[in-house]
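Working through the structure, step by step
Now for the letters of each chain:
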Amino acid sequence: QVQLVESGGRVVQAGESLRLSCSASGRPDSSYAMAWFRQAPGKEREFVAAITWRSGGTYIAESIKGRFTASRDNAKSTVYLHMNILKPEDTAIYYCAHAAGGVAGPRPGDYDYWGQGTQVTVST
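For the structure given in this document, a descriptive report is provided here. Source: prediction; values computed, not measured. (Residues numbered from 1 in each chain as written. Predicted model: local features only at pLDDT ≥ 70, side-chain atom pairs only at ≥ 80, totals over all residues. Heavy atoms only, no water.)

1. Focus: unusual backbone geometry
- Backbone geometry at Ser 77 places phi at a positive 50°, although glycine is not the residue there.
- With respect to the secondary-structure elements, Ser 77 resides in the loop between strand E7 (68–73) and strand E8 (78–83). (Helix = DSSP H or I, 4+ residues; strand = E, 2+ residues; numbered from the N terminus.)

Listed below in structure tokens is the structure:
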């Protein structure tokens, strides 16, 4: 089965940038896409971005489009989330997820494996 391990989360100041990584092991050749979600205290899990392995095409949530981008390194089986101009409201646990099929959308139900998450805290 697929194992996902996120890393890179830490405390940063508002306005700074941060890159998160998600290493995927045991990924089958048929893997289509990965995604990033986040969950703040007391809030529902929120879609952030998705990226396909083959083309690197991305789908970014409109609420954060322009500040966040995603990329991938197929050789390392790793996906990244590039976070810029961070705001306090970006504070959350960030999770990466593996797409169950050929869909890279915002619904958590479309993903079959999840990492344990990495904490990002943006202070003022």
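That shown, we press on.
2. Quick word on the packing of aromatic side chains
- Considering all chains together, one arrives at five aromatic pairs under this definition.
- Here the aromatic cluster, defined as three or more aromatic residues joined through ring pairs, consists of Phe 37, Phe 47, Tyr 59, Tyr 111 and Trp 114.
- Taking NZ or CZ as reference, Arg 45 lies 3.9 Å from the ring centre of Tyr 95, over its face. (Phe/Tyr/Trp six-rings, centres within 6.5 Å; stacked < 30°, edge-to-face > 60°. Lys NZ or Arg CZ within 6 Å of the ring centre and 35° of its normal.)

3. Regarding the environment of Ala 70
- Residue placement: Ala 70 occurs in strand E7.
- Distance from Ala 70 to Trp 36, taken between C-alpha atoms, is 8.7 Å for residues 34 residues apart in sequence.
- Beyond its immediate stretch of four places on either side in the chain, Ala 70 contacts Ala 49, Ile 51, Thr 58, Ile 60, Tyr 80 and His 82. (Contact = heavy atoms within 4.5 Å.)

4. A closer look at the side chain of Ser 77
- By relative accessible area, Ser 77 is classed as buried at 12%.
- Among the polar contacts made by the side chain of Ser 77, one reaches the side chain of Arg 27 at a distance of 3.1 Å.
- Beyond its immediate stretch of four places on either side in the chain, Ser 77 contacts Cys 22, Ser 23, Ala 24, Arg 27 and Trp 53. (Buried < 20%, exposed > 50% of the residue type's maximum accessible area, 1.4 Å probe, protein only. Polar contact = N/O pair within 3.5 Å; in protein donor to acceptor, adjacent residues only side chain to side chain.)

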